[in-house]
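# Chains, contacts and geometry: an overview
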Amino acid sequence: MLPARFAPVLFSLILSGLMSCIVTCVATWKALGLGAGFAQDWMQAWIASWPIAFAVAFTAAPLVRRLVAKLVKQPLQG
């Protein structure tokens, strides 16, 4: 188990990996079709995009949390 202080990094790593994998799959499929070499083209796109997605997710997460906190109805404090 990792210490709790690594939670934001791990969250960003997992979320960005999953999202970039799905998005690059769809984008590669739409651009090239499901022909020969699809998997290799997709994996190349994913490997190139994951570090960018991770950096964006990690740096944007605090801003997004603050924005969501402002947009949701907060329970009344007793």
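Residues numbered from 1 in each chain as written. Predicted model: local features only at pLDDT ≥ 70, side-chain atom pairs only at ≥ 80, totals over all residues. Heavy atoms only, no water.

### Side note on the overall build of the protein chain
A tally of helices and strands in the protein chain yields two helices and zero strands. Taking 12 Å as the expected radius of gyration for a compact globule of 78 residues, we find that the protein chain reaches 17 Å, considerably beyond that expectation. Once the C-alpha set of the protein chain is aligned to its principal axes, its extents read approximately 60 × 30 × 20 Å. Buried positions account for 15% of the 78 residues belonging to the protein chain. In the structure as shown, the protein chain presents an accessible area of about 6300 Å², 76% of it carried by carbon and sulfur atoms. (Helix = DSSP H or I, 4+ residues; strand = E, 2+ residues; numbered from the N terminus. Rg over C-alpha atoms; globule rule 2.2 N^0.38 Å. Buried < 20%, exposed > 50% of the residue type's maximum accessible area, 1.4 Å probe, protein only. Areas by Shrake-Rupley, 256 points an atom, 1.4 Å probe, with all protein chains shown as cover.)

### Comments concerning a nonpolar patch on the surface
A cluster of nonpolar side chains, Leu2, Phe6, Leu10, Leu13 and Ile14, forms an exposed patch at the surface whose accessible area comes to about 450 Å². Within the element layout of this structure, leucine 10 appears in helix H1 (residues 7-32). Owing to a relative accessible area of 37%, leucine 10 belongs among the partly exposed residues under this scheme. (Patch = residues over 30% accessible without salt bridge, like charges linked within 9 Å, V, L, I, M, F, W, Y side chains within 5 Å. Salt bridge = Lys/Arg side-chain N within 4 Å of Asp/Glu carboxyl O.)

### Some details on the packing of aromatic side chains
Scanning all chains against the criterion turns up three aromatic pairs. Between phenylalanine 38 and tryptophan 42, the aromatic rings sit 5.8 Å apart at their centres with planes inclined by 35 degrees, giving tilted as the arrangement. Linking phenylalanine 38 with tryptophan 42, this pair stays in helix H2 (residues 38-71), spanning four residues, or about one helical turn. By relative accessible area, phenylalanine 38 is classed as buried at 14%. Overall, the relative accessible area of 19% leaves tryptophan 42 in the buried class. (Phe/Tyr/Trp six-rings, centres within 6.5 Å; stacked < 30°, edge-to-face > 60°.)

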